[in-house]
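# Tertiary structure, described
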Amino acid sequence: MSAKFTVRLASEIANHPLPSKILLNQDLLEPVDHVLLKLLAFVLFQRDRLQIEPRLHDENIPFVPDLVQLDYQLKPALWVECGDTEVTKLDKLAVKAPWAELWLVLRSREALETYKREMERLGLRRDRYEMLAFEATMFDEMLALLASRNELTLFRFNMNEGELQLDFNGIWFDAEIVRATF
C-alpha cells in the first residue's frame, strides 16, 4: 500500500535553511525506512534546486535518483542514493554522471561497512563515493515515530565532525553520524 508523509520542517541553523514543509510519497513496494532515509538526506543535503525522485530528461542516465541537484545545464551536480542500492548501480552512476558528487546514505554504521566491503570486492573506483550513516538505535527510534504528519527541527549538523541534533515529532535526538569516502 502506498502512503503519503507530510513533514513540517524548521532549522535553527542560520546557514542551513529548510523549506517549511515537504511531502514524501511511499511507493507500493518501497519500505518505510527508505522514506525516512530520503527525509533525513533531504534535510541534511538541503540546497537550492534539490529534488526528491525527479524523472531525469537524460537518455544516458536510466536511473531515478532518491535526491538530486541539477546544475544549470540540467546535469546532476549532486546525486544521493538512500538505503538498499545495488553496488552495480553505483558503479554505473560513476560512469554515467562523472561530474556529479555521489552520496550513499545508510541507516547504520554496519550497513556502511557492508557496502564498503562489497564495493571493494567488486573493484569500484576509489575516492568517487561519499557515504553517510546514522546510529542504528536513533534511526530505529525515528522510524517508530514516523507518522503521516510529522515535524522535524534541525538544531545542529556538522557532517565533518559527525554531529547531528534534531527534534523529530517531539523527541530530541543527539546522535553521531558517520561519514566515509570510498
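Residues numbered from 1 in each chain as written. Predicted model: local features only at pLDDT ≥ 70, side-chain atom pairs only at ≥ 80, totals over all residues. Heavy atoms only, no water.

### Digging into the overall build of the protein
Threshold: Note on conventions: DSSP H or I runs of at least 4 residues are helices, E runs of at least 2 residues are strands, and numbering of each starts at the N terminus. Atoms counted for the radius of gyration: C-alpha only. Globule rule: 2.2 Å times the number of residues to the power 0.38. The buried label goes to any residue with under 20% of its type's maximum accessible area, the exposed label to any with over 50%, and the partly exposed label to all in between, with areas taken from a 1.4 Å probe on protein chains only. Here, two residues are considered to be in contact whenever any of their heavy atoms come within 4.5 Å of each other. Surface accessibility in these figures is a Shrake-Rupley result with a 1.4 Å probe; residues are shielded only by whichever protein chains are displayed. All tallies of charge rest on Lys and Arg as positive and Asp and Glu as negative; His and the ends of each chain are not included. Taken as the charge location is NZ of Lys, CZ of Arg, CG of Asp or CD of Glu.
Scanning the protein from N- to C-terminus turns up four helices and 11 strands. Taken against the 2.2 N^0.38 rule, which gives 16 Å for 182 residues, the C-alpha radius of gyration of the protein at 16 Å falls within 12% of a compact globule. Counting only C-alpha atoms and orienting by the principal axes, one finds that the protein spans roughly 45 × 35 × 35 Å. Expressed as a percentage of its 182 residues, the buried residues of the protein come to 48%. Taking the contacts inside the protein whose residues are at least 6 apart along the sequence as the reference set, 55% of them involve residues at least 24 apart. Accessible surface computed for the protein: about 9700 Å², of which carbon and sulfur atoms make up 47%. Looking at charge distribution, the protein has the averaged site of its 22 positive side-chain charges lying 5 Å from that of its 30 negative ones.

### Considering the nonpolar core
Short version of the rule: We define a nonpolar core as any set of buried Ala, Val, Leu, Ile, Met, Phe, Trp, Tyr and Cys residues linked to one another through side-chain atoms lying within 4.5 Å.
The biggest cluster of nonpolar side chains holds 40 residues, and the ones touching the most others in it are Leu-39, Phe-45 and Phe-134. With residues up to four places along the chain from it excluded, the contact list for Leu-39 reads Val-7, Leu-9, Ile-22, Leu-24, Leu-152 and Phe-168. If you look at the next biggest cluster of nonpolar residues, it comprises 26 residues, including Leu-90, Leu-102, Leu-112 and Phe-182.

### A closer look at the environment of Leu-102
Mapped onto the elements, Leu-102 comes out in strand E6 (residues 101-106). Once the C-alpha coordinates of Leu-102 and Leu-90 are considered, the two residues, 12 residues apart in sequence, prove to be 8.4 Å apart. Leaving out residues up to four positions away in the same chain, Leu-102 has contacts with Trp-79, Leu-93, Ala-94, Arg-128, Tyr-129 and Glu-130.

### As for the sheet that holds strand E7 (residues 129-133)
Across a sheet, strands are paired by hydrogen bonds formed along the backbone, either parallel or antiparallel in direction. What counts is decided by this rule: Strand pairing requires that DSSP identify at least two bridges connecting the strands. Axes here refer to lines fitted to C-alpha atoms; in helices the fit is confined to the stretch in contact. Angles between the N-to-C directions go from 0 to 180 degrees.
Pairing within the open sheet is mixed, and its six strands lie in the order E3-E4-E5-E6-E7-E11. Looking at the sheet topology across the chains shown, the edges are occupied by strand E3 (50-52) and strand E11 (178-181). In this sheet, neighbouring strand axes are inclined to one another by 20 degrees on average, regardless of whether the strands run parallel or antiparallel. For E6 and E7, the ladder comprises five bridges, and the chain directions are parallel. Paired with Leu-104 across the bridge in E7 is Met-131. In the packing of helix H1 (residues 32-44) onto the sheet, the strands contacted are E3, strand E4 (67-70), strand E5 (76-82), E6 and E7, and the crossing angle to E5 comes to about 145 degrees.

### Some points on the pairing of strand E9 (residues 163-168)
Regular strands show a simple pattern: their side chains alternate between the two faces of the sheet. Residues of E9 alternate between two faces, with Leu-164, Leu-166 and Phe-168 buried on one and Glu-163, Gln-165 and Asp-167 left unburied on the opposite face. Bridging between strand E8 (residues 149-158) and E9 involves six bridges; their strand directions are antiparallel. Looking at the pairing, Leu-154 lines up with Leu-166 of E9. The turn joining E8 and E9, which pair antiparallel and follow one another in sequence, is formed by four residues; a positive phi near 70 degrees is taken by Gly-162. Where E9 lies against strand E10 (residues 171-176), six bridges are found, and the strand directions are antiparallel. Looking at E10, one finds that Glu-163 is bridged to Glu-176. Between E9 and E10, which pair antiparallel in sequence order, lie two residues; one of them, Asn-169, sits at a positive phi of approximately 50 degrees.

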